[in-house]
Amino acid sequence: MINQDNSRVFLGHVINGSLEQGLLVKIGSGTNIEDIQVGTPVTIDGQSKRFFGYITDMRLEWANQELQDITTVAQTPEVTRTIVETSAFSVIKVRPVVIIAGDAASLLDGPEIAKTIPPHLSMVYQASAEDVSYVFGNEDDRHIWIGSPLALESAQVCLNLEQFVKRSNGIFGKSGTGKSFLTRILLAGIVQKDIAVNLVFDMHNEYGWQGSSEQGHPVKGLKQLFNSQVAVFSLDPEFSRMRKKAPDFDLTIRHQDIEPEDIESLAGILNLTENARQASYKLPRELGSSWFHEFLKMSGEDIKDLSARLSEHESTMLSLKRRLDQFNRLAFIVDDAQGDSIQHIIRTLEQGIHVVLEFGRYEENLAAYILVANLLTRRIRRQYVTQTEQAMATNSETPKPLVITIEEAHKFLTTSVSQYTIFSTIAREMRKYGVTLLIVDQRPGVIEEEVLSQIGTKLTCQLDNERDVDALLTGTSGGRELKQVLSRLESKQQALIFGHSVPVPVVVRTREYGSPESYKLFQNSIVNPTTLDLELDSKDLFS
Amino acid sequence: MNMSIQNRLGEIVESNSNGFVAQCYDLYQAPVIGTLVRVGTDNPTFGIVSYVSTEGLNSDRKAIARGKDETSITELYANNPQIAQLLVTSFEVVSMGYLKDNHISYGLPARPPEIHAFVFSCSQSELDHFFTELDFLSLLAARSISAVGQADELLISTLRFMLDLYPAHVTFTQKLVKELAQLFHSDLNRLKLIIRRLKL
Ligand SMILES: Nc1ncnc2c1ncn2[C@@H]1O[C@H](COP(=O)(O)OP(=O)(O)O)[C@@H](O)[C@H]1O
Ligand SMILES: [Mg+2]
């Protein structure tokens, strides 16, 4: 484009607007409206402040409506066009979100929420790479580069991971839009920068060992990138053997590990009645810690007796048993004599080693996935609560933050079941215990509203269901504008990021993942500037 | 005979702030309406011919019909040589700008040109210079109706004169159209009429 000023691309002048509705910017005559995309980050040079925001809408205007008639008067199209151009102009709508420069004090503190707007005729530019890095930070020991903003391939949008893991977060998008790739990037960043410890419920077996792209190329998982820093547990060792990628450990669930709460979390998917749910809580008292096993091997007679003892309807107990019977066939549910592999996972996490739990062929078994994820998460949460409380009482160090990644999150968090699962508890209140969720999901619209409102940062790829879009944006400032942006994302590898850990909502083209160069970036440890200085100093001493 | 005599169109016989009236040296030799003309040489005034008239030299002696036995008007004039002595052609010019320090200022001159000042046709370079900017069009549009008593005839004639000067010059045409569109943005009927009349 022609209007360049210190590599900034001039877009136009502010002519109208409000803080609430955003600013209307008349496009300069050297700029073609077709070159501008909704969602593009911009800066606005006010009188004494610089604003940073993004384009939310655009439209064509006539200074003189009547001139539209002229198209039928002139004989040549050039003349018509010339006449039209005297009145026709294009307007983009810009939402100023933060102030990035003004008085010196605010510069030091980083971007500050815009509580005012720039005056008439302020010049509006496409944000430059420097503007973007001022607002989103630079890749360092806390910030991860996520991708580049629209129309500015050279700039890097970064996410402050330390901020990020303080809350539960979500990655959304319909199938095939790049959720798993984005998740890999975030997980790898968390490992590389040692921000938190990860527990990944890897339903589709794509995060530990290699996953694959749609073109069928294999892409590396965490284990291949970070080897000894990552432990792969598998629920289905046979699957792993077939794939010739042995897991580090097998995961088994002992009968005694199963608690009534786990049954409760399955209430939705097993279609359990209220009575059956209640009754399950009476079983451990009656049958001991292996109640699950004892109950499932009962005969019809036994059930009859049991019902009498518990004063439950026999039909309730029979239906509960019938529904639970499917778990009898799961190979990973084992005898109590076996080792406690849940404890093993907890110890692994405590050592700061990231755990990826592969489901193997249980990928298709939603009940198994929900059971295992709930059961493990509850045990782990208990541990974290205890440790955190102890640490606070003794003023010692709290455990390292834990990020639990779950795919198909809506299965745990739909309104009908979310009250019974541990995950909604974590999303709601677990910040204080240092455990947060990274939920990966294609149907945010069916996730319980309150849980969704607790999500700190949302990274969302294309969604075409209106309900999903609305659910994500309710209560978000600028939601109506973001909807315009969100509904125009490309079908792959593009995401809108908004919420807690980004100062300004931003659309990125997700950084490439899958090439040898992309892996290298995750394997280089980030050079800490202070150590660099020290080295230089010591050289000085000896020279 | 030098250039300035050759290009002479007439001599001013009436003058005021808005413009002037010039008398031609020869009968019927006035420039056409819409022509840009120049008065003076040092700080010349420019104006556009807005009205042409031919009438009896003496205002109380009207012309009378003489051609009853003549076969053509040419014959009539040839057989009555005294007519040319009794009639006079003059043209009115509305002032549009003046040259000062080699720079055209559009608008009315501070002082009207003097009586007997010579009126010249413009050279190509003078035309080019004057028509570089089109700021005089608003003044012309304002004067157009009163000058001829017909809506926009003067304006349209001038625009034709200008377009004929640069027949295939697309940028000039665009510039002209743009100026008109801006000028008449609140009077689109007028704009449409002009565009149609100019066959643009
Ligand atoms: N960051 C990225 N780098 C490279 N390819 C990507 C990236 N994001 C998405 N893709 C492409 O898009 C396809 C779908 O991405 P994926 O993460 O598997 O989608 P989802 O998990 O949403 O179903 C991938 O197979 C890959 O080809
Ligand atoms: Mg996926």
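Refer to the preceding data block for the structure.
Residues numbered from 1 in each chain as written. Chains lettered and ligands numbered in written order. Predicted model: local features only at pLDDT ≥ 70, side-chain atom pairs only at ≥ 80, totals over all residues. Heavy atoms only, no water.

Student: Let's hear about the overall build of chain B: which residues, and what values?
Tutor: Helix and strand counts for chain B come out as eight helices and seven strands. Projected onto its principal axes, the C-alpha positions of chain B cover 55 × 40 × 30 Å. Every one of the 200 residues in chain B was classed for burial, and the buried ones make up 42%. Sequence-distant contacts, at least 24 apart, represent 70% of the contacts inside chain B between residues at least 6 apart. (Helix = DSSP H or I, 4+ residues; strand = E, 2+ residues; numbered from the N terminus. Buried < 20%, exposed > 50% of the residue type's maximum accessible area, 1.4 Å probe, protein only. Contact = heavy atoms within 4.5 Å.)

Student: Lay out the pairing of strand β15 (residues 230-234) of chain A with the relevant residues and their values.
Tutor: Residue and element names in this part refer to chain A. When you tally the buried positions in β15, you get five out of five residues, the bulk of the element. Neither face of β15 is open: one carries V230, V232 and S234, the other A231 and F233, and all of them are buried. The pairing of β15 with strand β19 (residues 354-358) spans five bridges and is classified as parallel. Paired with S234 across the strands is E358, a residue of β19. In this structure, β15 lies alongside strand β16 (residues 249-250), joined through two bridges in parallel fashion. Bridging from a neighbouring strand, F233 pairs with F249 of β16. In this region the chain leaves β15, passes through helix α7 (residues 237-242) and returns to the parallel neighbour β16; the handedness of that crossover is right-handed. (Pairing = 2+ DSSP bridges. Right-handed = clockwise from strand over helix to strand, strands pointing away.)

Student: Tell me about the state of the cysteines, and please be specific about residues and values.
Tutor: Linking two cysteines covalently via their sulfur atoms produces the bond known as a disulfide. As enumerated under the stated definition, the model contains zero disulfides over all chains in all. The closest cysteine sulfur to the non-disulfide-bonded A:C158 is located on A:C461, 18 Å from its own sulfur. Unpaired in terms of disulfides, B:C122 finds its nearest cysteine sulfur in B:C24, a separation of 15 Å. On the basis of relative accessible area, B:C122 is assigned to the buried category, the value being 14%. (Disulfide = S-S within 2.5 Å.)

Student: Provide a residue-level description of the pattern of salt bridges, including the pertinent values.
Tutor: Residue and element names in this part refer to chain A. The final tally for this structure, using the stated rule, is 35 salt bridges over all chains. Between D468 and R443 there is a salt bridge, with the nearest N and O atoms lying 2.9 Å from each other. One end of the pair, D468, is in helix α21 (residues 466-473); the other, R443, is in the loop between β21 (435-441) and α20 (449-454), with 25 residues separating them in the sequence. Here R443 falls in the partly exposed class, since its relative accessible area comes to 26%. Notably, a salt bridge pairs E466 with K483, separated by 2.7 Å at the nearest N-O pair. (Salt bridge = Lys/Arg side-chain N within 4 Å of Asp/Glu carboxyl O.)

Student: So, a negative patch on the surface: which residues are in play, and what are the values?
Tutor: Residue and element names in this part refer to chain A. Taken together, the side chains of E301, D302, D305 and E314 make up a negatively charged region of the molecular surface. Of all the elements, helix α13 (residues 300-310) adds the most residues to the negative patch, at three residues. Residue placement: D305 occurs in helix α13. Note on D305: relative accessible area 45%, which makes it partly exposed. (Patch = residues over 30% accessible without salt bridge, like charges linked within 9 Å, V, L, I, M, F, W, Y side chains within 5 Å. Areas by Shrake-Rupley, 256 points an atom, 1.4 Å probe, with all protein chains shown as cover. Lys, Arg positive; Asp, Glu negative; His and termini not counted. Charge placed at Lys NZ, Arg CZ, Asp CG, Glu CD.)

Student: Go over the interface of chain B and chain A with me, naming the residues and quoting the values.
Tutor: Interfaces are often sized by the amount of accessible area the parts lose when they come together. If you look at the interface, chain B gives 13 residues, while chain A gives 14 residues. Summing both sides of the interface, chain B and chain A together bury roughly 1200 Å²; the carbon and sulfur share of this comes to 75%. When the buried surface of chain B facing chain A is broken down by residue, B:L188, B:K192 and B:L200 rank first, second and third, together holding 39% of it. Across the chain B-chain A interface, the total number found is one residue pair in polar contact (both at pLDDT 80 or more). Tallied by class, the residues present in the side of chain B that touches chain A amount to six nonpolar, three polar and four charged. (Buried area = accessible area lost by both parts, 1.4 Å probe. Polar contact = N/O pair within 3.5 Å; in protein donor to acceptor, adjacent residues only side chain to side chain. Nonpolar A, V, L, I, M, F, W, Y, C, P; charged D, E, K, R; others polar.)

Student: Give a description of the site of ligand 1 that names residues and reports values.
Tutor: All names here are of chain A. Lining the immediate surroundings of ligand 1 are 17 residues, of which G176, K179, S180, E214 and R511 lie closest. Here T177 contributes a backbone N or O atom positioned 3.2 Å from an oxygen atom of ligand 1. Within the side chain of K179, one N or O atom sits 2.8 Å away from an oxygen atom of ligand 1. The dominant element in the shell around ligand 1, judged by the number of residues it contributes, is helix α5 (residues 179-192), at three residues. Along the lines of polarity and charge, the residues of the shell around ligand 1 split into two nonpolar, nine polar and six charged. (Near = heavy atom within 4 Å.)

Student: For the environment of A:G17, give the residues involved together with the corresponding values.
Tutor: Residue and element names in this part refer to chain A. Along the chain, G17 turns up in strand β2 (residues 8-18). Distance from G17 to P503, taken between C-alpha atoms, is 22 Å for residues 486 residues apart in sequence. Look past the residues within four positions of G17 in its chain and what remains in contact with it is G22, L23, L24 and I117.

Student: Account for the sheet that holds strand β11 (residues 169-172) of chain A, with residues named and values stated.
Tutor: Read across the sheet, 12 strands follow the order β10-β9-β24-β23-β22-β11-β21-β20-β12-β19-β15-β16 (chain A) without closing on themselves; strand pairing throughout is mixed. Of all strands in the sheet, those with a lone pairing partner are β10 (157-160) and β16 of chain A, marking the two edges.

Student: Run through the pairing of β21(A), naming residues and quoting values.
Tutor: All names here are of chain A. Most of β21 sits out of view: seven of its seven residues are buried. Neither face of β21 is exposed, since V435, L437, I439 and D441 on one face and T436, L438 and V440 on the opposite face are all buried. Pairing of β11 with β21, which is carried by four bridges, proceeds in the parallel orientation. Bridge pairing links I171 to V440 in β21. Across six bridges, the pairing between strand β20 (residues 402-407) and β21 is parallel. By the bridge assignment, I406 is partnered in β21 with I439.

Student: Explain the nonpolar core residue by residue, including any values.
Tutor: A:F201, A:F295, A:F327 and A:F423 are the most contacted members of the largest nonpolar core, which has 135 residues in total. The element that contributes the greatest number of residues to this core is helix α16 (residues 366-394) of chain A, accounting for 11 residues. Residue contacts for A:F295: discarding those within four places in its chain leaves A:L283, A:L287, A:I303, A:L306, A:M317, A:L320, A:K321 and A:L324. Membership of the second largest hydrophobic core comes to 43 residues, among which are B:L155, B:V177, B:L188 and B:I194. (Core = buried A, V, L, I, M, F, W, Y, C linked by side-chain atoms within 4.5 Å.)

Student: Explain the packing of aromatic side chains to me, using residue names and the numbers behind them.
Tutor: Counted by the stated rule, this structure contains 23 aromatic pairs over all chains. Geometrically, the ring pair formed by A:F52 and A:F136 is edge-to-face, given 6.2 Å between the ring centres and 75 degrees between the ring planes. With A:F52 in strand β5 (residues 50-62) and A:F136 in helix α3 (residues 129-136), the pair connects residues that are 84 residues apart, well separated along the chain. In this structure, A:F52 and A:F136 share a single accessibility class: buried. For the ring pair B:F130 and B:F131, a centre distance of 5.7 Å and an interplane angle of 85 degrees mean the geometry is edge-to-face. The same class applies to B:F130 and to B:F131, which are both buried. (Phe/Tyr/Trp six-rings, centres within 6.5 Å; stacked < 30°, edge-to-face > 60°.)

Student: Requested: an account of the side chain of A:S234, with residues and values cited.
Tutor: Relative to the helices and strands, A:S234 resides in strand β15. A polar atom in the side chain of A:S234 sits 3.0 Å from the backbone nitrogen of A:D236.

Student: Can you lay out the packing of α13(A) against helix α14 (residues 314-324) of chain A for me, pointing to particular residues and giving the numbers?
Tutor: Residues and elements named next belong to chain A. Their axes nearest at 9 Å, the elements α13 and α14 cross at an angle of 125 degrees. As judged from the angle between their axes, α13 and α14 are oblique. Regarding α13 and α14, the two cross each other, and that crossing is right-handed. Each of I303, K304, L306, S307 and L310 in α13 lies in contact with α14, whose residues at this interface are E314, M317, L318 and K321. (Axes fitted to C-alpha atoms, helices over the stretch in contact; angles between N-to-C directions. Parallel < 35°, antiparallel > 145°, perpendicular 65-115°, else oblique. Left-handed = near helix turned anticlockwise from the far one by under 90°.)

Student: Talk me through the packing of α5(A) against helix α23 (residues 516-523) of chain A; I want residue IDs and the actual numbers.
Tutor: Residue and element names in this part refer to chain A. Closest axis-to-axis distance for the α5/α23 pair is 9 Å, and the angle between their directions is 35 degrees. Touching I185, A188, G189 and Q192 of α5 are L521, F522 and Q523, all from α23. Residue composition of the contact of α5 with α23, by class: four nonpolar, three polar and no charged.

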